[in-house]
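Residues per chain are reported as follows:
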Amino acid sequence: MATFNLKINGKAHTVDVDDDTPLLWVLRDHLGMVGTKFSCGIAQCGACTVHVNGTPTFSCVTPVSSVGNSDVTTIEGLSKDGDHPVQKAWAEVDVAQCGYCQAGQIMTAAAFLESNPNPSMEEIDNAMNRNICRCGTYHKIREAVALAAKTK
């Protein structure tokens, strides 16, 4: 076991875990931040996406030891009241069906729009292609990302 001092959603947290513990399990099991979801565990679906220094990162395969002094943002820290432009667009378009992939989708979209505030539909498709939606709401996801870009 090792002690890690982490900065998550702007707050300091200290955890005692093995250095190869995935960030996902630190968030969920040690810090009680369960908005970030576990699905595949092999960085293939995107449900576990968080931001590490603003970059979308699959937390299921990111060892806590690699985080260091980085700023980590989870879905809980994206906005205080769920009023991030992507979250608002998600609600307006009514994207979610089962909702399981939504936190990862939203985190990927938010990071993408920070780096590309005026994307084409093709750029949206390319940015979102590593996130899987088992309900198949890709057309609504695309629509919500485009709407968020317009309202940001």
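Basis of the calculations
Residues numbered from 1 in each chain as written. Predicted model: local features only at pLDDT ≥ 70, side-chain atom pairs only at ≥ 80, totals over all residues. Heavy atoms only, no water. Phe/Tyr/Trp six-rings, centres within 6.5 Å; stacked < 30°, edge-to-face > 60°. Helix = DSSP H or I, 4+ residues; strand = E, 2+ residues; numbered from the N terminus. Buried < 20%, exposed > 50% of the residue type's maximum accessible area, 1.4 Å probe, protein only. Lys NZ or Arg CZ within 6 Å of the ring centre and 35° of its normal. Contact = heavy atoms within 4.5 Å. Expected span 1.5 Å × (residues − 1). Axes fitted to C-alpha atoms, helices over the stretch in contact; angles between N-to-C directions. Parallel < 35°, antiparallel > 145°, perpendicular 65-115°, else oblique. Left-handed = near helix turned anticlockwise from the far one by under 90°. Nonpolar A, V, L, I, M, F, W, Y, C, P; charged D, E, K, R; others polar.

As recorded in an unreviewed UniProt entry, the chain goes by the name Isoquinoline 1-oxidoreductase alpha subunit, listed as coming from Algoriphagus boseongensis.

A.B. asks: Explain the packing of aromatic side chains here, please?
C.D. replies: To describe a pair of aromatic rings, one takes the distance between the centres and the angle between the planes. The full count for this structure, using the stated rule, is one aromatic pair. Aromatic pair Trp25 and Phe38: ring centres 5.1 Å apart, planes at 40°, arrangement tilted. With Trp25 in helix H1 (residues 23-30) and Phe38 in the loop between H1 and strand S3 (49-52), this residue pair connects regions lying 13 residues apart in the sequence. Since its relative accessible area comes to 29%, Trp25 is described here as partly exposed. Here Arg134 stacks its cationic end above the ring of Tyr100, 4.9 Å away from the centre of that ring.

A.B. asks: Is there a simple way to explain the side chain of Thr137 in this structure?
C.D. replies: You can see Thr137 is positioned in the loop between helix H5 (121-128) and helix H6 (138-151). With residues near it in sequence (within four places) discarded, Thr137 still touches Val95 and Gln97.

A.B. asks: Looking at this structure, how should I read H6?
C.D. replies: It helps to recall that an α-helix has 3.6 residues per turn; residues three or four apart then point in one direction. Here H6 contains 14 residues, and its C-alpha end-to-end distance of 20 Å stays within 8% of the 20 Å for a straight helix at 1.5 Å per residue. Taken together, the buried positions of H6 are occupied by Ile141, Ala144, Val145, Ala146, Ala148 and Ala149. Here the buried face of H6 lies against helix H3 (85-93), helix H4 (102-115) and H5.

A.B. asks: Hey, could you run me through the packing of H3 against H6 in this one?
C.D. replies: If you want to describe how two helices pack, look at the angle between their axes and the distance between the axes. Running from N to C, H3 and H6 cross one another at 130°; their axes reach a closest spacing of 8 Å. If you check the angle between H3 and H6, you find them oblique. Crossing angle aside, the handedness with which H3 passes H6 is right-handed. Note on element contacts: H6 touches H3 through Lys140, Ile141, Glu143, Ala144, Val145, Leu147, Ala148 and Thr151, opposite Pro85, Val86, Ala89, Trp90, Glu92 and Val93. Counted by class, the contact of H3 with H6 contains 10 nonpolar, one polar and three charged residues.

A.B. asks: Just checking my understanding: could you explain the side chain of Gln105 for this structure?
C.D. replies: Positionally, Gln105 belongs in helix H4. Excluding its chain neighbours within four sequence positions, the residues that come into contact with Gln105 are Trp90, Met128, Asn131, Ile132, Cys133 and Ile141.

A.B. asks: Sorry, what's going on with the environment of Ala89 here?
C.D. replies: Following the sequence through the fold, Ala89 ends up in helix H3. When the C-alpha atoms of Ala89 and Ala148 are compared, they prove to be 5.4 Å apart, with 59 residues separating the residues in sequence. Setting aside chain neighbours within four positions, we find Ala89 in contact with Ala144, Leu147 and Ala148.

A.B. asks: I tried to follow the environment of Asn131 on my own but got confused; where do I start?
C.D. replies: In this structure, Asn131 sits in the loop between H5 and H6. Along the primary structure Asn131 and Gly99 are separated by 32 residues, whereas in three dimensions their C-alpha atoms are 13 Å apart. Every residue in contact with Asn131, bar those within four places of it in the chain, is listed here: Cys45, Gly46, Thr49, Gly104, Gln105, Thr108 and Tyr138.

A.B. asks: What exactly am I supposed to notice about the packing of H4 against H6 here?
C.D. replies: Relative to each other, H4 and H6 sit at 40°, their axes nearing to 11 Å. In terms of crossing hand, the pair formed by H4 and H6 is right-handed. Where H4 approaches H6, its residues Gln105, Ala109, Phe112 and Leu113 are matched on the opposing element by Ile141, Val145, Ala148 and Ala149.

A.B. asks: Hey, could you run me through unusual backbone geometry in this one?
C.D. replies: Most of the time, phi is negative for any residue but glycine, and the peptide bond is trans. A positive phi is found at Asn9, a non-glycine position, where the angle reads about 55°. Structurally, Asn9 can be placed in the loop between strand S1 (2-8) and strand S2 (11-17). In this structure, Ala43 takes a positive phi of about 60° despite not being glycine. Mapping Ala43 onto the fold places it in the loop between H1 and S3. Using a relative accessible area of 12% as the deciding quantity, one classes Ala43 as buried.

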